[in-house]
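# Geometric and topological summary
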Amino acid sequence: MSEKILVFIPTYNERRNAEKMCRALRALPFAPDVLFVDDNSPDGTGAILDHLAAKDPAVHVVHRPGKQGIGTAHLFGIRWAYAQGYSKLMTLDCDFTHRPEYLPQFLEASRECDFVISTRYGASPENLKDWTPYRRFLTRFGHILTTAMLGMTLDATTSFRLYRLDRIPVEVFDDVQAAGYAFFFESAYILHLAGFSIREVPVVLPARQDGESKMNFAEVLASLRRFLRLFALRVMGPYRGYHQRRTAPRTQAKPTAAGR
Ligand SMILES: Nc1nc2c(ncn2[C@@H]2O[C@H](COP(=O)(O)OP(=O)(O)OP(=O)(O)O)[C@@H](O)[C@H]2O)c(=O)[nH]1
Ligand SMILES: [Mg+2]
């Protein structure tokens with residue numbers, strides 16, 4: 001079966017990155033279709049994206065009326081990709097911390113698994129060296145919580161990933177509730193619990209190239225609350241997620257060692 005590949009990017013105030021990112025993605029050897037979901041960015045990113053979509057039919061833009069959170073944007077992108085019949089969905093940020101040059105490696109890794117996730121912990125020790133100490137601390141703290149509270153070694157807080165939509169049923173994503181940045185570790189946890197096979201691709205992450213971070217203190221608190229909730233569900237009893245609603249056990253694609 002031929003692959004139908006989509007790259008999804010949420011945008012909020014990415015005026016200086018959007019066009020460059022779109023060009024970099026379309027220049028990849030497999031020339032993926034691209035979907036942007038813009039939350040009515042005050043800096044005019046939406047108009048730039050409309051211009052790009054008007055020039056290239058493989059570029060799609062969805063506008064939402066206001067800032068609704070990075071998690072709901074990703075869920076929207078995932079459901080949109082299923083509805084349009086894509087077999088693989090790659091997701092990344094618009095700020096060039098996630099370099100499009102890695103995507104062919106993701107594609108290669110996806111041949112043997114259901115879900116590919118980047119990891120900042122297997123690459124060079126120089127990784128994250130451009131980041132501010134605060135941002136580096138948040139990322140490392142998130143990783144400590146992922147390991148200690150969810151029992152996963154995956155770099156679960158990253159959005160730099162690939163989902164095999166041809167192998168993951170869309171209902172899996174019904175269990176993801178987080179609207180903000182917690183979407184990333186919650187969705188990774190659900191995929192991990194459900195036994196989907198996961199491969200990790202080591203990446204080096206430079207700091208954001210232009211514009212400002214949207215990761216604020218409210219997002220940090222919301223993530224902490226979600227970590228606690230998932231931890232409570234984990235220790236108090238079976239987590240009633242997709243993996244328990246399944247009627248038949250999965251036979252294809254055995255889970256790999258990654259993240260177990
Ligand atoms: N549509 C939409 N996009 C968002 C929202 N919040 C963040 N984004 C986008 O999501 C991606 C990640 O946001 P960032 O601000 O880079 O968050 P981060 O990667 O944690 O922070 P830095 O890279 O350190 O700046 C970027 O492409 C943002 O423009 C949102 O509420 N809605
Ligand atoms: Mg970023």
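All figures in this text were calculated on a predicted structure; none of them were measured in a lab.

## What about the overall build of the protein chain?
From N to C terminus, the protein chain includes eight helices and seven strands. Expressed as a percentage of the 260 residues in the protein chain, the buried residues total 52%. Per element, the accessible surface of the protein chain, about 11,700 Å² overall, is 56% carbon and sulfur.

## A few points about the packing of aromatic side chains
With the rule as written, the count across this model stands at nine aromatic pairs. With a centroid separation of 5.3 Å and an interplanar angle of 25°, the aromatic rings of F115 and Y163 are classed as stacked. Here F115 is found in strand β5 (residues 115-119), whereas its partner Y163 is found in strand β6 (residues 161-164), with 48 residues between them in sequence. An aromatic cluster of at least three residues, connected via ring pairs, comprises Y82, F115, Y163 and F173. Lying across the ring of Y12, K67 places its NZ or CZ 5.2 Å from the centre.

## Describing helix α7 (residues 217-236)
With 20 residues, α7 should cover 28 Å at 1.5 Å per step; its first-to-last C-alpha distance of 28 Å lies within 8% of that length. Residues E219, V220, S223, R226, F227 and L230 constitute the buried set of α7. The buried residues of α7 occupy an angular sector of 125° when projected down its axis, which confines them to one face. For α7, the exposed residues set more than 90 degrees away from the buried face come down to F217, A218, R225, V235 and M236.

## Re the site of ligand 1
Neighbouring residues of ligand 1: 20 residues in total, closest E14, D39, R135, R208 and K214. Between ligand 1 and K67, the relevant distance is 2.8 Å, taken from an oxygen atom to a side-chain nitrogen or oxygen of the residue. Mapped by element, the contributors of at least two residues to the shell around ligand 1 are β1 (5-11) and α3 (70-83). Of the residues contributing to the shell around ligand 1, the split by class is eight nonpolar, four polar and eight charged.

## Section: the sheet that holds strand β3 (residues 59-63)
Strand order across the open sheet formed by seven strands is β3-β2-β1-β4-β6-β5-β7, with mixed pairing between neighbours. Every interior strand has two partners, whereas the edge strands, β3 and β7 (198-202), have only one. Between one strand axis and the next, the sheet turns through 20° on average, direction left out of account. Sheet strands in contact with helix α2 (residues 45-55) are β1, β2 (33-38) and β3, and its direction is about 150° off that of β3.

## Concerning the confidence of the model for the protein chain
Summary statistics for the protein chain give a mean pLDDT of 89 and a share of 89% for residues scoring 70 or more. Note that residues 251-260 has pLDDT below 50 and, in this model, 23 contacts with residues that lie over four places away or in other chains.

## Focus on the nonpolar core
By size, the foremost hydrophobic cluster in this structure holds 46 residues, and its most contacted members are L89, L150, Y163, I168, F173 and F183. Every element with two or more residues in this core is listed here: β1, β2, α3, β5, α5 (133-150), α6 (182-193) and α7. Top element by residues in this core is α6. It accounts for eight residues. With 32 residues, the next largest nonpolar core counts V7, L128, V201 and V203 among its residues.

## So, the packing of α5 against α7
Interhelical geometry of α5 versus α7 gives an angle of 10° and a closest axis separation of 10 Å. Between α5 and α7, the interaxial angle falls into the category roughly parallel. The residues of α7 that touch α5, namely those facing Y134, L138, F141, G142, L145, T146, A148, M149 and L150, are V220, L224, F227, L228, L230, F231 and R234. Residues that form the contact of α5 with α7 fall into these classes: 13 nonpolar, two polar and one charged.

## Describing the environment of H63
Tracing the backbone through its elements, the reader meets H63 in strand β3. Residues H63 and A47 lie 16 residues apart in sequence; the distance between their C-alpha atoms is 9.9 Å. The residues contacting H63, other than those within four sequence positions of it, are D38, G46 and D50. Side-chain polar atoms of H63 contact the side chain of D50, separated by 2.7 Å.

## Focus: the pattern of salt bridges
Under the counting rule described, the total for this entry stands at 11 salt bridges. Two residues, D174 and R79, come together in a salt bridge whose shortest N-O distance is 3.3 Å. With a gap of 95 residues between them, D174 in the loop between β6 and α6 and R79 in helix α3 connect regions that are remote in the sequence. Residue class for D174 comes out partly exposed when judged on its relative accessible area of 46%.

Reading guide: rules and limits
- Residues numbered from 1 in each chain as written.
- Chains lettered and ligands numbered in written order.
- Predicted model: local features only at pLDDT ≥ 70, side-chain atom pairs only at ≥ 80, totals over all residues.
- Heavy atoms only, no water.
- Helix = DSSP H or I, 4+ residues; strand = E, 2+ residues; numbered from the N terminus.
- Buried < 20%, exposed > 50% of the residue type's maximum accessible area, 1.4 Å probe, protein only.
- Areas by Shrake-Rupley, 256 points an atom, 1.4 Å probe, with all protein chains shown as cover.
- Phe/Tyr/Trp six-rings, centres within 6.5 Å; stacked < 30°, edge-to-face > 60°.
- Lys NZ or Arg CZ within 6 Å of the ring centre and 35° of its normal.
- Expected span 1.5 Å × (residues − 1).
- Arc of directions from axis to C-beta.
- Near = heavy atom within 4 Å.
- Polar contact = N/O pair within 3.5 Å; in protein donor to acceptor, adjacent residues only side chain to side chain.
- Nonpolar A, V, L, I, M, F, W, Y, C, P; charged D, E, K, R; others polar.
- Pairing = 2+ DSSP bridges.
- Axes fitted to C-alpha atoms, helices over the stretch in contact; angles between N-to-C directions.
- Contact = heavy atoms within 4.5 Å.
- pLDDT = per-residue confidence, 0-100.
- Core = buried A, V, L, I, M, F, W, Y, C linked by side-chain atoms within 4.5 Å.
- Parallel < 35°, antiparallel > 145°, perpendicular 65-115°, else oblique.
- Salt bridge = Lys/Arg side-chain N within 4 Å of Asp/Glu carboxyl O.

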